[in-house]
Every structure is written in structure tokens, then in C-alpha cells.
Amino acid sequence: MRALVLSSGGVDSTTCLGLAVKKYGRENVTALSVFYGQKHDREMEAARKVAAYYGVEHLKLDLEKIFAYSNCSLLAHSDQEIPEEAYAEQLKKTGGKPVSTYVPFRNGLFLSCAASIALSRDCGVIYYGAHSDDAAGNAYPDCSDAFNRAMGEAIWLGSGNQLKIEAPFVAWTKADVVKKGLELGVPYELTWSCYEGGEKPCGKCATCMDRAKAFAANGVEDPALA
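All residue numbers refer to positions counted from 1 along the written sequence of the respective chain. In view of the model being predicted, local features appear only for residues whose pLDDT reaches at least 70, and side-chain atom pairs are presented and counted only at 80 or more, with totals across whole chains, interfaces and linings using the full set of residues. Note that the side-chain values use all heavy atoms of the structure and ignore hydrogens as well as water.

Relative accessibility thresholds used throughout: buried, under 20% of the residue-type maximum; exposed, over 50%; partly exposed, between the two (1.4 Å probe, protein chains only). Runs of H or I in DSSP of at least four residues are treated as helices and runs of E of at least two as strands, each being numbered from the N terminus. Side-chain alternation along strand 1 (residues 3-6) places Ala-3 and Val-5 on one buried face and Leu-4 and Leu-6 on a second face that is also buried. Two strands pair when backbone bridges link them, and strand 1 and strand 2 (residues 29-35) are joined in this way by 4 bridges, in the parallel orientation. Among the inter-strand pairings, Val-5 is bridged to a residue of strand 2, identified as Ala-31. A clockwise course of the path from the first strand over the helix to the second, judged with the strands pointing away from the viewer, identifies a crossover as right-handed. One crossover worth recording links strand 1 to the parallel strand 2 by way of helix 1 (residues 11-24), and it is right-handed. Should DSSP find at least two bridges between two strands, the strands are regarded as paired. Pairing of strand 1 with strand 4 (residues 125-127) involves 3 bridges; the strand directions are parallel. From the neighbouring strand, Leu-4 faces strand 4, where its bridge partner is Ile-126.

It is generally the case that most residues other than glycine have a negative phi and that most peptide bonds are trans. In the Ramachandran plot, Asp-122 falls in the positive-phi region, its phi being about 60 degrees despite a non-glycine side chain. Within the fold, Asp-122 resides in the loop between helix 4 (106-120) and strand 4. Phi is positive for Asn-161, which is not a glycine, with a value near 60 degrees.

Turning our eyes to something else, we now look at the sheet that holds strand 5 (residues 164-166). The parallel open sheet is built from 5 strands, whose spatial order is 3-2-1-4-5. Each end of this open sheet is capped by a strand with a single partner; those strands are strand 3 (57-62) and strand 5. Here the average twist between neighbouring strands, direction ignored, is 25 degrees. Here, residues are in contact when the closest pair of their heavy atoms is within 4.5 Å. Every axis in this analysis is a line fitted to C-alpha atoms, fitted for helices over the stretch in contact. Angles between the N-to-C directions lie between 0 and 180 degrees. Packing against the sheet, helix 4 makes contact with strand 1, strand 2, strand 3, strand 4 and strand 5, and its axis sits at approximately 155 degrees to strand 1.

Structure (C-alpha cells):
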């Protein structure tokens, strides 16, 4: 069995990569990182370092043009500022719609593209790091269990029953993900989560807040800040 792992260079996808390497061996794992027009390249650089650490094949895909019509605040061409508040606070203002950092149907596009590449690379499974904290309140609906099941069915049928998707953390919190990663010895010092592209994480965006809470819940300092 060969596995393809969607790798953003963040906590969740890097933990997925660690799981896949442990299960299948690094020679049977391919990491796929996607550039989608984000405001910085820190994620892609982190993904490169993580792939090198694990010694796995690392592929890159450019989907920037697909998001050219979106004003998502994560995108370089957007005129929106990245919010400096927790997702729960943002959702109070959206009326139940996704937050401004939701990239339109991103996971759907990533998984569809990954399916084509995975089949071409003789992979039987795709791993991605969706978890329940991101899906909560409809902040990122393409991280939900319902979405995962629907995409899983579509990819299984569309691949002629050759390819499955695995979201091992879809029912977990981010703190649960970090706990598993610490057990696996995941190199969190190499990862990048911040939506900003500064020298150091801003500590103010929602993903920085969630990351800090996840490590604190496990009673450890974030290695990336050490």
C-alpha cells in the first residue's frame, strides 16, 4: 500500500504524515503540498522541511488561478485583513457562514487533485488533517465529518474502487492531534501555522490561538516557539 498525504506544513497535516510514515514506511509515502495564492510562502517552506525530515517524496501543485475570484483574507490579492480573534468570535459576525479565512471549497479541490495524483502514483489512500475544532460552528465546513464521508464516497466511486481517503482526526480536537503527534515524535519545531508570514508567528490570528491552546492542553511548550 502506498499513501499520499496532503501536507501544508502545519500541525495537523504533519501529524498525518507522521502517522502514514509509521504505518506504511517512508518509501511508500508521498507528501503533496498545494500553493493556492496565500500571502506568504512560510507554509510551503515548512512542508518542504517536514518532507525532508521524514525522507519522503515531496510533490508541489499550484492552484493559485482557481482562487483568483475569491476575496478570502488568506489570499495575496485580497483586500481583507486577517482577523485577530478566535473563530468563535468571528462566527458571531458571520451569521452561520464560514469565516473570512475559509478558502472556497479548498479541501474539496485539494482532495480531487490529490486523487488524480494518487492514482497516477499507485497510491491506495489519501491522508488529510481535518479535525473537529476547524469544523465547529461551520467555520470550515470542508473539515467536517459529513464532508469527509461525502468526498470519501465520491473518490472511492470515481476511482473505480481503488482509492480511499482517511481523515484520522476528523472527530478529534487539535489538542488530541498534538497529543498523538507528541507520542509519534512529530517535528513540530519545523511546522508553521500562522496566517501571517512574519519572522515569528503573530500569536493573534485564530490558528495561532488554537495552536497555543493545543500545546498548553498537553502541558508542553510549542517547540516552534522555543
